[in-house]
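Letter by letter, the chains look like this.
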Amino acid sequence: GKPAKAVKNMVKNAAEKVSDLVAPDVPGSPGSEPPSLEEPTAPREPLPPKKEQGAPPVVTPTGAETGAPVTAQGQQGAYLTTAQGVRLRDTDHSLKAGERGPTLLQDHHLREKIMHFDHERIPERVVHARGAAAHGVFEAYGTAGQVTRAGFLKKGKKTDVFVRFSTVLGSRGSADTVRDTRGFATKFYTEEGNFDLVGNNIPVFFIQDGIKFPDVIHAGKPHPDREIPQAQSAHDTFWDFVSLHTEAQHHTIWNMSDRGIPRSYRTMEGFGVHTFRLVNEAGETVLAKFHWKPQLGVHSLVWEEAQLLAGLDPDFHRRDLYDAIEAGAFPEWELGIQVFPDTPEETFEGIDLLDPTKIVPEELAPVQPVGKMTLDRTPTNFFAEVEQVAFHVGHLPPGIDVTNDPLLQARLFSYLDTQITRLGGPNFAQIPINCPHVPVNDMLRDGFHQHAVHAGVAPYRPNSLDGGNPFEAGDAENAFVDAPVEVARSRKVRANPVSYDDHYSQARLFWRSMSPVEKEHIVRAYTFELGKCYEQTIKERQLRCLANIDPVLCRQVATGLGLPAPEPDRPLVEPEPSPALSQVGKEWPAAGRMIGIVADDGADLGALAELRTAVFAAGMVPLLIAPHGGMLGELPVQRTFATARSVEFDALVLAAAPAPAPDALPARDAKAGAGGAAAVDPRVSLLVEECWRHAKAIAGFGAGTAVLERTGVAGTPGVVSAGSATDAFAEVQRLLAAHRVWERFPASVA
Ligand code: HDE
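What you are looking at is a predicted structure, and each value in this text was computed from that prediction instead of being measured.

Definitions and cut-offs
Residues numbered from 1 in each chain as written. Predicted model: local features only at pLDDT ≥ 70, side-chain atom pairs only at ≥ 80, totals over all residues. Helix = DSSP H or I, 4+ residues; strand = E, 2+ residues; numbered from the N terminus. Rg over C-alpha atoms; globule rule 2.2 N^0.38 Å. Buried ≥ 20, exposed ≤ 12 C-beta atoms within 10 Å, placed from the backbone. Contact = placed C-beta atoms within 7 Å. UniProt positions renumbered as here; feature names shortened; annotations may be inferred. Domains from an automatic or database assignment. Nonpolar A, V, L, I, M, F, W, Y, C, P; charged D, E, K, R; others polar. Pairing = 2+ DSSP bridges. Axes fitted to C-alpha atoms, helices over the stretch in contact; angles between N-to-C directions. Parallel < 35°, antiparallel > 145°, perpendicular 65-115°, else oblique. Left-handed = near helix turned anticlockwise from the far one by under 90°. pLDDT = per-residue confidence, 0-100. Near = placed C-beta within 6 Å. Core = buried A, V, L, I, M, F, W, Y, C linked by C-beta atoms within 7 Å. Expected span 1.5 Å × (residues − 1). Right-handed = clockwise from strand over helix to strand, strands pointing away.

## Topic: the overall build of the protein chain
Each helix and strand in the protein chain was counted, giving 17 helices and 20 strands. Its C-alpha atoms give the protein chain a radius of gyration of 29 Å, near enough to 27 Å, the size a compact globule of 750 residues would have. Dimensions along the principal axes, computed over C-alpha positions, put the protein chain at roughly 95 × 80 × 55 Å. Each of the 750 residues in the protein chain was classed as buried or not, and the buried ones make up 42%. Long-range contacts, defined here as pairs at least 24 residues apart, represent 72% of the contacts in the protein chain between residues at least 6 apart.

## Considerations on the environment of Asp501
Its place among the elements puts Asp501 in the loop between α9 (406–422) and α10 (505–512). Look at Asp501 and you get exposed, because 11 C-beta atoms sit within 10 Å.

## Digging into the UniProt feature "domain: Catalase core" (unreviewed entry) in the protein chain
In this numbering, the UniProt entry assigns the feature "domain: Catalase core" (unreviewed entry) to residues 81–469. Taken as a whole, residues 81–469 contains 21% helix and 20% strand, while its terminal C-alpha atoms sit 41 Å from one another.

## Digging into the domain arrangement of the protein chain
Taken domain by domain, the protein chain consists of domain 1 (131–210 + 226–233 + 252–434) and domain 2 (594–744). Taken together, the nine residues of domain 1 in the interface contact eight residues of domain 2. Residues belonging to the side of domain 1 that touches domain 2 are distributed by class as follows: six nonpolar, one polar and two charged.

## What to know about unusual backbone geometry
Of note, the bond from Ile228 into Pro229 is cis; its omega dihedral lies within 30 degrees of zero at -5°. Examined against the element boundaries, Pro229 turns out to sit in the loop between α3 (213–220) and α4 (236–244). Even without glycine at this site, His128 takes up a positive phi of about 60°. The topology assignment puts His128 in the loop between α2 (108–118) and β1 (131–140). For His128, a count of 22 C-beta atoms within 10 Å puts it in the buried group. Phi angles above zero are rare outside glycine, and Val273 is one such case at about 65°. On the neighbour-count criterion, Val273 (24 C-beta atoms within 10 Å) is buried.

## Some points on the sheet that holds strand β19 (residues 697–701)
The six strands are arranged β17-β14-β13-β18-β19-β20 in an open sheet whose pairing can be described as parallel. Each having just a single partner strand, β17 (639–640) and β20 (719–722) make up the two edges of the open sheet. Packed on one face of the sheet, helix α17 (residues 725–736) meets β13 (594–598), β18 (651–654), β19 and β20 and runs near 175° to β19.

## Some thoughts on the packing of helix α14 (residues 605–617) against α17
Relative to each other, α14 and α17 sit at 30°, their axes nearing to 9 Å. Judged by the inter-axis angle, α14 sits roughly parallel to α17. Note on packing geometry: the crossing formed by α14 with α17 is right-handed. Side by side, α14 and α17 meet where Ala607, Leu608, Glu610, Leu611, Ala614 and Val615 of the first sit next to Ala725, Thr726 and Phe729 of the second. A breakdown of the residues in the contact of α14 with α17 according to their chemical character gives seven nonpolar, one polar and one charged.

## Overview of the UniProt feature "binding site: heme" (unreviewed entry) in the protein chain
Look at the UniProt record and you will see "binding site: heme" (unreviewed entry) annotated at Arg125, Arg164, Phe213, Arg411, Tyr415 and Arg422. In this structure, Arg125 sits in the loop between α2 and β1. Taking the C-beta count within 10 Å as the criterion, Arg125 has 21 such neighbours and is therefore assigned buried. By the secondary structure assignment, Arg411 is in helix α9.

## What about the confidence of the model for the protein chain?
Confidence in the prediction of the protein chain, expressed as mean pLDDT, is 91, and 91% of residues score 70 or more. Confidence drops under pLDDT 50 across residues 6–30; counting only partners more than four residues distant or on other chains, this segment forms 35 contacts. Here residues 670–674 scores under 50 on pLDDT; set against residues more than four positions off or in separate chains, the count is four contacts. This complex was scored by the predictor with a pTM of 0.93 and an ipTM of 0.98.

## Some thoughts on the site of the ligand
Around the ligand, the surrounding shell holds 25 residues, and the nearest of these are His128, Gly183, Gly210, Val273 and Ser414. Every element with two or more residues in the shell around the ligand is listed here: β2 (158–167), β3 (182–190), β4 (193–200) and α9. It is α9 that provides the largest number of residues to the shell around the ligand, a total of six residues. Taken together, the residues that form the shell around the ligand break down as 13 nonpolar, nine polar and three charged.

## Quick notes on the packing of α3 against α4
Taken N-terminus to C-terminus, the directions of α3 and α4 make an angle of 145°; their axes are 6 Å apart at the nearest point. Where α3 approaches α4, its residues Asp215, Val216, Ala219 and Gly220 are matched on the opposing element by Thr237, Phe238, Asp240 and Phe241. For the contact of α3 with α4, the per-class residue count stands at four nonpolar, two polar and two charged.

## Concerning the environment of Val127
Tracing the backbone shows Val127 in the loop between α2 and β1. On the basis of neighbour counts, which here come to 19 C-beta atoms within 10 Å, the residue Val127 falls in the partly exposed class. The spacing of Val127 and Glu305 is 178 residues in sequence and 25 Å in space, taken between C-alpha atoms.

## Examining the nonpolar core
In terms of nonpolar packing, the biggest core is built from 162 residues, with Ile597, Ala599, Val653, Ala655 and Val732 touching the most fellow members. Each of domain 1 (131–210 + 226–233 + 252–434) and domain 2 (594–744) accounts for three or more of the residues forming this core. The contacts of Ala655, once residues within four sequence positions are left out, are Ile597, Val598, Ala599, Ala603, Asp604, Ala607, Leu608, Phe701, Gly702 and Gly704. Within the second largest apolar cluster, five residues are counted, among which are Val168, Leu169, Ala175 and Ala231.

## Overview of helix α15 (residues 682–693)
Taking 1.5 Å as the rise per residue, α15 with twelve residues should run 16 Å; its terminal C-alpha atoms sit 16 Å apart, in good agreement. The set of residues buried in α15 consists of Pro682, Arg683, Val684, Ser685, Leu687, Val688, Cys691 and Trp692. On its buried face, α15 sits against β13, β18, β19 and α16 (705–710). Phi turns positive one or two residues past the end of α15, at Ala695, with a value near 60°.

## Comments concerning the pairing of β20
In the sheet, β19 pairs with β20 via four bridges, with the strands oriented parallel. Looking at the pairing, Phe701 lines up with Ala722 of β20. Handedness of the β19-α16-β20 crossover: right-handed.

## Re the pairing of β1
Most of β1 sits inside the fold, with eight of its ten residues counted as buried. Alignment of β1 against strand β11 (residues 368–377), held across six bridges, turns out to be antiparallel. By the bridge assignment, Phe138 is partnered in β11 with Met373.

Shown next as structure tokens:
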């Protein structure tokens with residue numbers, strides 16, 4: 001369960017949701033008084049600046065702070081000023097020659113305001129444009145000391161982090177729940193400088209060499225003529241690329257699996273993808289892969305939920321992240337590493353560690369936990385923090401180094417280069433969210449948007465004018481270590497090692513590791529996506545690829561497309577399945593889940609109150625759904641029949657059988673009379689129907705059990721008719737541990 005404080009916060013949060021219904025939102029000030037209906041007339045005391053609202057420290061070449069005034073106090077004063085600090089009398093009327101006259105060119109306030117507005121937008125990220133982020137802390141277990149000297153991994157060390165989750169293909173305004181890879185980028189503000197772990201929720205990548213990155217992205221982005229489809233892979237150019245560049249088949253089967261549609265950012269694994277090289281105090285090296293393991297387990301949406309959500313709540317993942325944090329259900333991940341000996345071959349059990357389209361199954365190399373990350377704070381300003389954060393795979397602390405993975409090598413160039421366009425110059429490291437939390441003492445000078453007022457005259461070394469500063473550090477002063485890896489004497493070539501030619505064995509490993517339900521979802525995803533392609537050739541070519549992954553998979557998709565199933569064009573390997581790849585069949589904590597509770601004025605309010613308390617006590621969030629807003633007795637209503645939709649809930653509890661309200665659309669089965677589905681408000685029937693289809697736990701008690709009968713779901717798996725509210729919730733809780741009622745899905749692929 002959750003600590004008592006977290007649950008108290010949740011109660012507070014739920015109460016605030018009620019105030020949402022009666023009064024406008026208070027921006028960014030949870031816990032403050034609700035705003036008055038009238039316009040305030042006296043200025044409020046400025047809020048104290050938050051940690052992230054200070055200006056970057058101004059550091060001289062000797063490492064000392066200049067003591068210059070902190071300028072960026074986050075616009076906290078009571079009076080409106082111009083950008084030059086001049087107080088203003090009026091910001092709602094432009095200066096005109098008389099009330100009906102033309103606007104005067106001399107209106108400096110108007111011109112400054114519009115000029116700034118005209119330039120408010122910056123280019124969105126060319127990939128991973130849509131994202132959300134949170135602050136948190138990473139605490140090390142101290143278990144990595146043997147393999148790396150990185151200080152932030154020393155026992156008990158706490159390090160501030162900022163994590164940005166994202167989709168890859170869509171624009172900034174696209175929907176969260178599309179089928180896509182998710183970015184999982186973490187900035188550790190370590191005492192030895194910033195470390196960025198710029199990973200994804202899928203452990204392999206589409207391509208083996210970074211030189212193909214522009215090509216795979218061109219193929220995935222909307223078609224250049226009509227700019228359709230947005231944020232989707234279900235189109236011809238995507239499947240054209242992945243069926244021709246068959247190294248992409250492994251990544252693609254992950255995309256077509258439930259991993260492509262996470263339930264929440266909180267329920268995703270993260271992977272560094274590449275193999276890194278760790279260096280310890282003695283200068284010894286190992287190869288390693290990074291993994292993030294969510295404490296809540298890996299959970300996904302059902303495809304129909306994902307599609308509905310894209311329209312009903314395009315911000316679903318962003319909202320979920322912020323709501324959970326503000327409710328005190330802080331998302332947690334364990335960071336783990338798989339460690340391999342640093343041999344000249346750079347392979348492990350025959351798997352090429354420099355090939356980013358390959359995993360090393362956890363059964364062969366266990367993921368060893370090295371620390372825990374907790375996200376506990378939402379951003380203060382989305383643009384300043386989430387949009388302006390700049391990650392770079394080359395931001396490495398002493399003790400972590402790169403390998404020759406050709407995908408990683410290209411990234412080492414790209415992430416610096418892209419910021420020059422996106423953030424307008426080379427000084428993006430001075431933007432507060434990117435500032436290291438340790439003194440910076442570089443010899444970089446000038447450039448657009450220079451914030452540091454550098455003192456001294458000698459930004460070069462050695463020098464004799466600034467007392468010789470800055471000095472170079474050695475091992476004793478914890479300088480970065482470039483692992484002195486031998487470079488083979490070789491020829492310059494544009495070529496891959498032979499091992500990179502194996503494009504299918506691990507896609508097959510993934511397929512063979514799935515449970516029947518997961519296989520069924522994969523079949524449906526391929527059938528959907530290829531069904532959206534226009535070109536017959538592309539479908540046929542992709543079917544040939546599927547034949548090399550698995551004949552059953554190929555046949556089922558071919559049947560769905562109405563095409564013949566081709567034979568494999570090479571012998572199929574029989575890899576040992578990796579149970580760690582499946583997300584079904586385990587039990588997880590259900591903290592932070594949403595429980596929808598349908599009630600009306602006739603419901604047993606005492607039982608309802610008891611139910612709400614039990615849900616809070618279990619660390620979950622009850623959302624009361626009623627025919628109208630306001631209150632049911634003493635209980636606040638969070639959703640009405642008009643605003644509730646099943647996709648928001650993880651489980652549904654029915655405490656009433658509300659008859660159709662006057663604002664409901666006519667029921668389909670109006671003649672069914674008092675006993676049939678039409679006797680229930682059709683919006684409630686729809687909630688039940690969708691929750692059932694999406695394999696969610698459903699329970700009824702009291703009058704609510706009648707809804708289960710009338711909608712025909714009573715007696716089916718995961719549907720509970722309980723004698724009391726507490727019994728109903730106990731069953732729901734039990735069912736939620738497995739995340740979904742998996743038996744409800746048909747699983748025709750064994
Ligand atoms: Fe990225 N990628 N990438 N990528 N990537 C960017 O950097 C790039 C790759 C990843 O939340 C860009 O600042 C190249 C793999 C994440 O701000 C850009 C190649 C993985 C994010 C870029 C790759 C990633 C990015 C766009 C092939 C998983 C979002 C804006 C060589 C391990 C970070 C920016 C955030 C962002 C280039 C491949 C993950 C253009 C050239 C593999 C999570 O620099």
